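# Commentary on secondary and tertiary structure
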Amino acid sequence: MKAVSCERGTLSVVDLPTPRPAKGQLLLEVRRCGICGSDLHAKDHADELTEVMDRIGYPDFMRGDTPVVLGHEFCGEVADRGKGVGKEFKPGTPVVSFPLVRAAGGIHLTGLSPLAPGGFAEQVVAEASMSFVIPNGLDLDTAALTEPMAVALHAVRRSEIRRRDTAIVIGCGPVGLAVICHLKALGVRTIVASDFSATRRALATRCGAHVVVDPAVDSPYEAGGQRGAITEAPQLYELGVGSMEKLRRVPGWIHLYRAAEALGAAGPKRPIVFECVGLPGVIDGIIGAAPLQSRVVVVGVCMGEDRLHPTIANAKEIDLRFVFAYTPLEFRDTLYMLAEGKLDASPLITGTVGLDGVANAFDVLGSAEAHAKILIDPRSTAVAP
């Protein structure tokens, strides 16, 4: 089979043996595979990531000097199946698969380990237990977005956002756009999107953002117009003293105060901020600029070291949550949300290439702002997205 191999930062189309599915596994004919931001980073900085993965106990992550077939956002059609696979996965069935696979005596990250070749290829192996038949005739382009959209679903669920909250999305690349799509599907009433790129701000509007902001010109924290939000410490002091001056005039004020606390009305209003950039300095910038008691959900993955000012976060009581990936149920739920029309991710797809166009697509994604998600179709002859 043909596949795109990555070694020492170079992408090249190579011929590899067709893989064979083991017990409980599927062999898929890859129909679409998305290019992820982590693929872009891993291509040139794999050894940095290897050190990180070693520290969390996964020594089999890709290395710069070892060939690997990237691609973890894939869908395909069943070509073959191993023993013990259910009848629902008959040959020709379109499926989406969770990117984890049993191999070499362990479980490995599909497309991010040399032990688990990914979807930048004509065929890929997947676990039947982690695969889901594509329902409702969902088109393959959209089905291939299941994985990145599941990342966003997990982030939105972990944020515990409510419809009346103000959501502020910092960074409108594929991750930020996916978060906006889910916020829209959830019915959040105020979604603010912030990005320096006019093209990405336009995509954010198409995905459902109510307000778009160029952070070089305006503050995304002011653009939401959230009443009751506090951005400076003296405002909080005034709220505390002023409220007590009024409450102490009322008999039984302690009970009123406790009731207000129970309803969440005793403190300042705070937005839910989604950090979707993943570059050094961004989290600290949000901590410094966001209103007091903001909940910051870190969705972007900063691959290098970063610096924070914890005292500012302490003084502002910033709630900082880091999120990563998704659960198998969230993966399945995302697929069905897409298939049932509850989630519209169509604005994310901005181009398609064949295997011969993968290297060019990486160059385009690394240098231009016109694209969000480029898909790979192994049967296509396109070399430019």
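Residues numbered from 1 in each chain as written. Predicted model: local features only at pLDDT ≥ 70, side-chain atom pairs only at ≥ 80, totals over all residues. Heavy atoms only, no water.

## What about the pattern of salt bridges?
Our working rule: Salt bridges are defined as contacts in which a side-chain nitrogen from Lys or Arg sits within 4 Å of a carboxyl oxygen from Asp or Glu. To qualify as a helix, a DSSP run of H or I must reach at least 4 residues; to qualify as a strand, a run of E must reach at least 2; elements of each kind are numbered from the N terminus. Burial status follows relative accessibility: with a 1.4 Å probe on protein chains alone, a residue under 20% of its type maximum counts as buried, one over 50% as exposed, and anything between as partly exposed.
Enumeration over the complete set of coordinates arrives at 16 salt bridges. The partner of Asp15 in a salt bridge is Lys2, with the nearest N and O atoms 3.5 Å apart. Taken together, the residues Asp15 in strand β2 (residues 10–15) and Lys2 in strand β1 (residues 2–7) connect sequence positions 13 residues apart. By relative accessible area, Lys2 is classed as partly exposed at 40%. With its nearest N and O atoms 3.4 Å apart, the salt bridge here joins Asp377 to Arg32. You can see Asp377 sitting in the segment after β18 (373–376) and its partner Arg32 sitting in strand β3 (residues 25–34), a full 345 residues away along the chain. Look at the salt bridges and you will find they share partners, linking Glu160, Arg295, Asp319 and Arg321 into a network.

## Observations concerning the domain arrangement of the protein chain
The cut-off we apply is this: A domain assignment, automatic or from a database, supplies the domain bounds used here. Pairs of residues are marked as contacts when any of their non-hydrogen atoms sit within 4.5 Å. Buried area, as used here, totals the accessible surface that two parts lose on assembly, with accessibility defined by a 1.4 Å probe and the loss added over both.
Along its sequence, the protein chain is carved into domain 1 (1–132 + 346–374) and domain 2 (146–229 + 267–320). On the domain 2 side, the residues contacting the 14 residues of domain 1 number 15 residues. Taken over both partners, the interface formed by domain 1 and domain 2 buries close to 1300 Å², and the fraction arising from carbon and sulfur atoms is 72%. Interface area lost by domain 1 to domain 2 is led by Pro347, Leu348 and Glu369, which between them contribute 42%. Our enumeration of links across domain 1 and domain 2 arrives at zero salt bridges. It is helix α1 (residues 37–55) that contributes the most residues to the side of domain 1 that touches domain 2, three residues altogether.

## What about helix α9 (residues 282–289)?
Think of an α-helix as 3.6 residues a turn; residues three or four steps apart then line up on the same face. Within α9, the full set of buried residues consists of Val282, Ile283, Asp284, Ile286 and Ile287. Tucked inside the fold, the buried residues of α9 contact β11 (166–170), α6 (220–223), β14 (272–275), β15 (295–298), α10 (310–316) and β16 (319–322).

## What about the environment of Pro347?
By the element assignment, Pro347 lies in the loop between α11 (328–339) and β17 (349–353). For Pro347, a relative accessible area of 4% corresponds to the buried category. Sequence separation of Pro347 and Thr205 is 142 residues, and the distance between their C-alpha atoms is 9.7 Å.

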